[in-house]
Amino acid sequence: MFPSIRIFLEVLLIAQKDANARSQSLTLLTALRHRSALRTALSNRDSVTLQPILRWCIKNISDYRITRLTTDVALVVLDLYADQLGRSEEVDDLIMALMQRVKVTVEASQDAWKVRGMLDMLVSSVGAIDGVEA
């Protein structure tokens, strides 16, 4: 991968305060994923350069519009750096924060599916009642 793309990715991930930078980082990460270059772009990082990526994952993991992209990035990061856990307190804290955010997001998703199931039952029972009256 070209070094300029790696540097551009770094700048975009660090500059997440700008709305334009967010859309550009999503575009770049999506392009990297489609080109199977995500692993290369995220590899060979130290704890300082890994932190913006983890922060991006924590911030965006609960956004349902980009769940697949965020999950892919998080899984690649965990796959690449799992053997380095315990070496940096900052990275370990971010991994724990990511785990907590994923847990909360999964619980909210499960609750949403339960509500959908209840609504489906109500709608189908109303349909059954309308069928009997007709």
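Residues numbered from 1 in each chain as written. Predicted model: local features only at pLDDT ≥ 70, side-chain atom pairs only at ≥ 80, totals over all residues. Heavy atoms only, no water.

**Here we look at the overall build of the chain**
Point 1. Of regular secondary structure, the chain possesses six helices and zero strands.
Point 2. Helices (α) and strands (β) of the chain occur, in sequence order from the N terminus, as α-α-α-α-α-α.
Point 3. Residues classed as buried in the chain amount to 31% of the 134 residues present.
Point 4. In the chain, the share of contacts with a sequence separation of at least 24, taken over all contacts with a separation of at least 6, comes to 68%.
Point 5. With the model as given, the accessible surface of the chain reaches about 8900 Å², and the carbon-plus-sulfur share is 62%. (Helix = DSSP H or I, 4+ residues; strand = E, 2+ residues; numbered from the N terminus. Buried < 20%, exposed > 50% of the residue type's maximum accessible area, 1.4 Å probe, protein only. Contact = heavy atoms within 4.5 Å. Areas by Shrake-Rupley, 256 points an atom, 1.4 Å probe, with all protein chains shown as cover.)

**Comments concerning empty space enclosed by the protein**
Point 1. Going through the model one piece at a time under the given rule, you end up with one cavity of 30 Å³ or more.
Point 2. Elements represented by at least two residues in the lining of the largest cavity include exactly α5 (67-81) and α6 (89-133).
Point 3. Looking at the lining of the largest cavity element by element, the count peaks at three residues for α5.
Point 4. Across the lining of the largest cavity, the residue classes break down as eight nonpolar, no polar and no charged. (1 Å grid on protein atoms, 1.4 Å probe; cavity = no way out; pocket = protein on both sides within 12 Å on 5 of 7 lines; lining within 4 Å. Points joined across faces, edges and corners; volume = space filled by probe spheres on them. Nonpolar A, V, L, I, M, F, W, Y, C, P; charged D, E, K, R; others polar.)

**Description of the nonpolar core**
Point 1. In terms of nonpolar packing, the biggest core is built from 26 residues, with L38, L42, L54, W56, V73 and V77 touching the most fellow members.
Point 2. When contributions to this core are tallied by element, the ones reaching two or more residues are α2 (19-34), α3 (38-42), α4 (47-60), α5 and α6.
Point 3. Look past the residues within four positions of L54 in its chain and what remains in contact with it is V77, V91, L94 and I95. (Core = buried A, V, L, I, M, F, W, Y, C linked by side-chain atoms within 4.5 Å.)

**Comments concerning the pattern of salt bridges**
Proximity of charged atoms lets side chains of opposite charge pair with each other.
Point 1. Following the criterion strictly, the structure yields four salt bridges and no others.
Point 2. Among the ionic pairs, D63 bridges to R65, the shortest N-O distance being 2.9 Å.
Point 3. D63 gets classed as buried once you look at its relative accessible area, which sits at 12%.
Point 4. On the basis of relative accessible area, R65 is assigned to the exposed category, the value being 61%.
Point 5. For D120, the salt bridge goes to R116, with nearest N and O atoms at 3.8 Å. With D120 and R116 both in helix α6, this residue pair falls four residues apart, about one helical turn.
Point 6. Exposure remark for R116: the relative accessible area of 46% places this residue in the partly exposed category. (Salt bridge = Lys/Arg side-chain N within 4 Å of Asp/Glu carboxyl O.)

**Overview of the environment of I58**
Point 1. With respect to the element layout, I58 can be found in helix α4.
Point 2. Take I58: its relative accessible area is 12%, and that puts it in the buried class.
Point 3. As for I58 and L94, which are separated by 36 residues in sequence, their C-alpha atoms are 7.9 Å apart.
Point 4. Apart from the residues lying within four places of it in its own chain, the contact partners of I58 are L94, A97, L98 and R101.

**Brief notes about α4**
Point 1. Along its 14 residues, α4 runs 20 Å from first to last C-alpha, staying within 8% of the 20 Å computed at 1.5 Å per residue.
Point 2. Burial in α4 covers these residues: L50, Q51, P52, I53, L54, W56, C57, I58 and N60. (Expected span 1.5 Å × (residues − 1).)

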